[in-house]
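Listed here are the chains, written in short residue letters.
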Amino acid sequence: MDFYQADPTLENYWRGVILFGKNVASYKFALAHALYEIDKTGSDIITLDELAVPFSRHLCEHLKHAPKQITSSRSQFLETCAQFNNDEISHNQLIETTVCRGFANVIDAFHNVNGGEIEKRFFIDERKTHNGIRLTDNFFHLGERQQYQNLAFETTARWNLVEQAWAMGVSRNLVGVEFDEDNQLLFSHVNARRVNITSCRDSLNGYQKGRCFYCFKPISLTPGDPDLADVDHFIPWAARDEVANINGVWNLVLACQCCNRGAEGKFARLPGRTLLQRLNARNEYFIQSKLPLHETIVQQTGNQPAARKNFLENNWNAAKVRLFHTWEPKAEGEATF
């Protein structure tokens, strides 16, 4: 996949798993969160008993607000999680069932993306010899990377988007994914009721590989961090009369504060054509990741790559008539998309 082949860092291989893996259940997200919590100073062998505690906790928490966590009609394991939430079984019983049933498929499927296994493994299946998994050097090195702190935010955002898509029936309903600028949230409507899906920053960051869309400087998702990303309209808000659906996901990017509002920042100027091509590439990542931003981008911009490219070109040209001036950033890192 071009996403991580163009920039083959460990964090982008991990993002490939989270953003582009096939989702028939949410177990992959729960396993990722369990691995984030693992003590990285201990043994590289993690038993299923150890893994079951955070794995089941994350699934139980999500079940409280999103009962559909799998595409099949039922799951005995998830029924056990629901029983725990209803105080019908003990924590020990939950863990016992998790060890027996919770990891049946997710450990085998975790590294599979688009029908094949990614080149970098983060753990080895050793259930037959050690009743658990063995963390690889890749996983430990991932934990040392600057972008590691963003991955948990991105995983939660992806999980929220997927479960909302399942809850709404995906295809036609998620056309209405919208952006709340005041609260920096993506939201949709269910029976005229607004439902917040996830933080906009957390949803967009992985597709930009944790970097400013414009200059490629590393950005953060941590509230209060001096490098906290801004959510920016690629085609500026000032062109809203010329560009329909300017608040659409297709037009939202993450920018460092210098590019968005610094002394030499973009402000109401229109990014140049090279940056328009980059926006098209970023949007195609959404398409490749399937539900649910896949559906949103397709409905907003076109069914085919040529139509989506023309959509961006036409809106860029319309905005240029209004805004006139274009803007280019000063590169702060190597272009990775």
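The coordinates are above.
Residues numbered from 1 in each chain as written. Predicted model: local features only at pLDDT ≥ 70, side-chain atom pairs only at ≥ 80, totals over all residues. Heavy atoms only, no water.

Engineer: Before we go on, may I ask you to explain the overall build of the protein in this structure?
Structural biologist: A count of helical and extended segments in the protein gives 15 helices and twelve strands. Judged by the C-alpha coordinates and their principal axes, the protein covers about 65 × 45 × 35 Å. Looking at the 337 residues of the protein, the share that counts as buried comes to 56%. Accessible surface, the protein: about 15,200 Å² in total, of which carbon and sulfur atoms supply 47%. One finds the centroid of the 36 positive side-chain charges in the protein at a distance of 5 Å from the centroid of its 40 negative side-chain charges. (Helix = DSSP H or I, 4+ residues; strand = E, 2+ residues; numbered from the N terminus. Buried < 20%, exposed > 50% of the residue type's maximum accessible area, 1.4 Å probe, protein only. Areas by Shrake-Rupley, 256 points an atom, 1.4 Å probe, with all protein chains shown as cover. Lys, Arg positive; Asp, Glu negative; His and termini not counted. Charge placed at Lys NZ, Arg CZ, Asp CG, Glu CD.)

Engineer: Teacher, can you tell me more about the packing of helix α4 (residues 48-65) against helix α5 (residues 76-85) here?
Structural biologist: Between two packed helices, the angle of one axis relative to the other and the distance separating the axes together describe the packing. Direction vectors running N to C along α4 and α5 enclose 75 degrees, while the axes themselves pass 9 Å from each other. Regarding the angle of α4 to α5, the classification is roughly perpendicular. Contacts between α4 and α5 involve Phe55, Leu59, Cys60, Leu63 and Lys64 from the former and Phe77, Leu78, Cys81, Ala82, Phe84 and Asn85 from the latter. Grouping the constituent residues of the contact of α4 with α5 by class yields nine nonpolar, one polar and one charged. (Axes fitted to C-alpha atoms, helices over the stretch in contact; angles between N-to-C directions. Parallel < 35°, antiparallel > 145°, perpendicular 65-115°, else oblique. Contact = heavy atoms within 4.5 Å. Nonpolar A, V, L, I, M, F, W, Y, C, P; charged D, E, K, R; others polar.)

Engineer: Looking at this model, I keep getting lost on helix α6 (residues 91-102). Mind explaining?
Structural biologist: The α-helix advances 3.6 residues per turn, and as a result positions three or four apart in sequence lie on the same side. For α6, which comprises twelve residues, the first-to-last C-alpha distance of 14 Å sits more than 12% below the rise-based estimate of 16 Å (1.5 Å per residue). Residues of α6 that are buried include every one of Leu94, Ile95, Thr97, Thr98, Val99 and Gly102, and no others. Among the structural elements, α3 (27-37), α4, α5 and α7 (106-109) are those in contact with the buried residues of α6. (Expected span 1.5 Å × (residues − 1).)

Engineer: Would you explain α3 in this entry?
Structural biologist: Buried residues dominate α3, accounting for ten of its eleven residues. Residues of α3 that are buried: Tyr27, Lys28, Phe29, Ala30, Leu31, Ala32, His33, Ala34, Leu35 and Tyr36.

Engineer: For this particular structure, what's the right way to read unusual backbone geometry?
Structural biologist: Trans peptide bonds make up most of the peptide bonds, and negative phi angles are found at most residues other than glycine. Of note, the phi angle at Asn114 is positive, near 55 degrees, even though the residue is not glycine. Here Asn114 lies in the loop between β2 (112-113) and β3 (116-117). Relative accessible area serves as the criterion here: at 55%, Asn114 is assigned to the exposed category. Despite not being glycine, Phe324 has its phi angle at roughly 70 degrees, a positive value. With respect to the helices and strands, Phe324 occurs in the loop between α15 (305-323) and β12 (326-327).

Engineer: Would you mind showing me how to read the sheet that holds strand β5 (residues 132-135) here?
Structural biologist: Across a sheet, strands are paired by hydrogen bonds formed along the backbone, either parallel or antiparallel in direction. Judged by pairing direction, the sheet is antiparallel, and its three strands sit side by side in the order β1-β5-β4 without closing on themselves. Strands with a single pairing partner mark the edges of an open sheet, and in this sheet they are β1 (45-47) and β4 (123-126). Strand-to-strand, the axes of this sheet are offset by a mean angle of 25 degrees, without reference to chain direction. Here four bridges tie β4 to β5, and the two strands are oriented antiparallel to one another. Among the inter-strand pairings, Asp125 is bridged to a residue of β5, identified as Ile133. Here α4 sits on the sheet and contacts β1 and β5; the angle it forms with β1, its principal contact strand, is near 65 degrees. (Pairing = 2+ DSSP bridges.)

Nothing here speaks to function; it is all geometry.
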